[in-house]
Amino acid sequence: MRLATKLLLGFSLVALLLLVTGSLSYYFSNEIKSDLINESERMTVELQNSLLYTRNFIVENRKIRIGDTSLQTYSQVRQSEAVIVESLNRFSSVLEKVDQQAKASSYVEGALKNYADRNRVLVDSLRNGYRPYQSLVQEILEIDREGEFGEEAYNVTIEPYFRNTLFPILNRLRENSNAFVDLQLEKIQVRSEATVEKIVTITIFGFALSLFLALIVYRSIASPLNILTSAAREIGDGKLDQRINLNSKDELGKLADSFNKMTESLSKSMVSRSYVNNIIQSMGDMLFVTSNKGGVIMSNRAVYDKLGYSKSDLEGVDIWELFRKKDQNEIRTYLDDNAKEVILKETVVKTIDGNTIPVIYSHSIVNDELTETLNHVFVISDITNQKVNEKKISDSLQEKNVLLSEIHH
């Protein structure tokens, strides 16, 4: 994965997290609103359960008194009593929670304050009215075990008290709480919608800013890296005079300084490739470097001057093609056998015009440590002048021999 892609993905994920965070906040706020509405409903349900199971408790006890001793009847009595106690306890717990919420909402203003004040009054009234109801229910549980007055007490006190006193307070509290929450919801909804719009706007802006920042960061990193890559390639080609100029004080700047120091140390400890190439090109003798198969890899300027070939003419040419036919098989044998000893041989080479030049060539093998391959080196010396001088000397000697023969005769 490219560096630019990584940066863009990273900034995009940050922007996406902003949007998700805003959405979750909106969702959880709605959950809290639902909890506020359900509290008044729970109190009504708990009181209704206590009233219903009180009636059931009285009915089942009456069955026992008239002689029904079945396990089911006794079980119904115990279950009804347990549900009554549990419902009353849960009602008390929810009432305390609603009371705390009502007190906590005292900071509101405007129309909400009227509903909040009414809620506190209704909660106090409900608490004051609940105490007698709780006492009556507990008294019924005791009375009905001892005599037959439980049903009468239920019909005369508990059920009318619940219907005429507690239930109206619960209804008013529920209506007032719902109105209070609805008004809160309207305001919260407006603020939530505005908040969502802001979150979306900020997210879009953040995403665009992320792209822009990613581009800046990418350029600040990629540009020095490209310079370092190019310099490393130049040094790999033997240009040890290469230096990197980065006006940066970060890690990349330190890397460039280390790179320059390394290059300077290398240039002092070894001869550069360009220097060696200049030496090779300035040689008076012809030089060929071939692959292990005999293909010409490199040649020097003397080859072009003496044989008339250009660099492109020698591309794809095997070295033995430049020699006369009777020597070609011998040269192939050298290449196939990878003979490492230096071989000196007198022969002729062909020019681009088809002419021949008398030469002496030497063949040797060098090992390329970078590619771990064997290359062949042919150094070819032009001995044309030597041959001309030898012919002159031979002709002179022949003339002297003829002269001496005539004198002797």
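As shown above, the structure is provided for reference.
Cut-offs and rules
Residues numbered from 1 in each chain as written. Predicted model: local features only at pLDDT ≥ 70, side-chain atom pairs only at ≥ 80, totals over all residues. Heavy atoms only, no water. Helix = DSSP H or I, 4+ residues; strand = E, 2+ residues; numbered from the N terminus. Buried < 20%, exposed > 50% of the residue type's maximum accessible area, 1.4 Å probe, protein only. Areas by Shrake-Rupley, 256 points an atom, 1.4 Å probe, with all protein chains shown as cover. Polar contact = N/O pair within 3.5 Å; in protein donor to acceptor, adjacent residues only side chain to side chain. Contact = heavy atoms within 4.5 Å. Phe/Tyr/Trp six-rings, centres within 6.5 Å; stacked < 30°, edge-to-face > 60°. Core = buried A, V, L, I, M, F, W, Y, C linked by side-chain atoms within 4.5 Å. Salt bridge = Lys/Arg side-chain N within 4 Å of Asp/Glu carboxyl O. Pairing = 2+ DSSP bridges.

Chemist: So what exactly am I meant to see when it comes to the overall build of the chain here?
Modeler: Each helix and strand counted, the chain has nine helices and five strands in total. The N-to-C order of helical and strand elements in the chain reads α-α-α-α-α-α-β-β-α-α-β-β-β-α. A total of 409 residues make up the chain; the buried ones form 33% of that total. Per element, the accessible surface of the chain, about 25700 Å² overall, is 55% carbon and sulfur.

Chemist: Teacher, can you tell me more about the side chain of asparagine 176 here?
Modeler: Of note, asparagine 176 is situated in helix H4 (residues 150-236). Judged by its relative accessible area of 5%, asparagine 176 is buried. A distance of 2.6 Å separates the side chain of asparagine 176 from the side chain of asparagine 119, its partner in a polar contact. Setting aside anything within four residues of it in sequence, one finds asparagine 176 in contact with Tyr115, Arg118, Asn119 and Leu122.

Chemist: Hey, could you run me through the packing of aromatic side chains in this one?
Modeler: Two descriptors summarise a pair of aromatic rings, namely the distance from one centre to the other and the angle between the planes of the rings. The final tally for this structure, using the stated rule, is six aromatic pairs. Here the aromatic rings of tyrosine 130 and tyrosine 133 are separated by 6.5 Å at their centres, their planes lie at 40°, and the arrangement is tilted. Taken together, the positions of tyrosine 130 and tyrosine 133, both in helix H3 (residues 111-146) and three residues apart, correspond to about one turn of that helix. Of the two residues, tyrosine 130 and tyrosine 133, neither departs from the other in class, the shared state being buried. Look at tyrosine 133 and phenylalanine 162: their rings are 6.1 Å apart centre to centre, the planes differ by 45°, and that puts the pair in the tilted class.

Chemist: Mind showing me how you'd approach the side chain of threonine 347 here?
Modeler: Summarising the element assignment, threonine 347 is placed in strand E3 (residues 343-350). Among the polar contacts listed, one links the side chain of threonine 347 to the side chain of arginine 324, at a separation of 3.2 Å. When residues no more than four places from it in sequence are discounted, the contact partners of threonine 347 are Phe323, Arg324, Asp327, Ile357, Pro358, Val359 and Tyr361.

Chemist: Would you mind showing me how to read the nonpolar core here?
Modeler: Most often, soluble globular proteins keep nonpolar side chains buried together rather than apart. Formed by 29 residues in total, the largest nonpolar core has its most connected members in Met43, Leu47, Phe91, Leu126, Tyr133 and Ile158. Taken together, the elements giving at least two residues each to this core come down to helix H1 (3-65), helix H2 (71-104), H3 and H4. Membership of the second largest hydrophobic core comes to 21 residues, among which are Met286, Ile357, Val359 and Ile380.

Chemist: In this structure, what is going on with the pattern of salt bridges? I would like to understand it.
Modeler: Pairing is possible between side chains that carry opposite charge, provided their charged atoms lie close to one another. This model, assessed by the stated rule, comprises eleven salt bridges. Across the pair lysine 387 and glutamate 346 runs a salt bridge, and its minimum N-O distance is 2.5 Å. On the criterion of sequence distance, the pair formed by lysine 387 in helix H9 (residues 384-408) and glutamate 346 in strand E3 is long-range, its members being 41 residues apart. With a relative accessible area of 32%, lysine 387 lands in the partly exposed category. A salt bridge links glutamate 390 to lysine 387, with the shortest nitrogen-to-oxygen separation between them at 3.9 Å. One end of the pair, glutamate 390, and the other, lysine 387, are both in helix H9, three residues apart, so they sit about a helical turn from each other.

Chemist: For this particular structure, what's the right way to read the environment of isoleucine 383?
Modeler: Relative to the helices and strands, isoleucine 383 resides in the loop between strand E5 (373-382) and H9. Residue classification places isoleucine 383 among the buried positions, given a relative accessible area of 5%. Residues isoleucine 383 and threonine 347, spaced 36 residues apart in sequence, show a C-alpha to C-alpha distance of 9.8 Å. For isoleucine 383, the contacting residues outside a window of four places in its chain are Glu346, Pro358, Val359 and Ile360.

Chemist: Please clarify how the pairing of strand E2 (residues 296-299) should be interpreted in this entry.
Modeler: Where a strand is regular, its side chains alternate between the two sheet faces. Bridge analysis of strand E1 (residues 286-290) against E2 gives three bridges, and the strand direction is antiparallel. Each bridged residue has a counterpart across the sheet, and for valine 289 the counterpart in E2 is methionine 298. Hairpin connection from E1 to E2: five residues lie between these consecutive antiparallel strands, with glycine 294 at a positive phi of about 105°.

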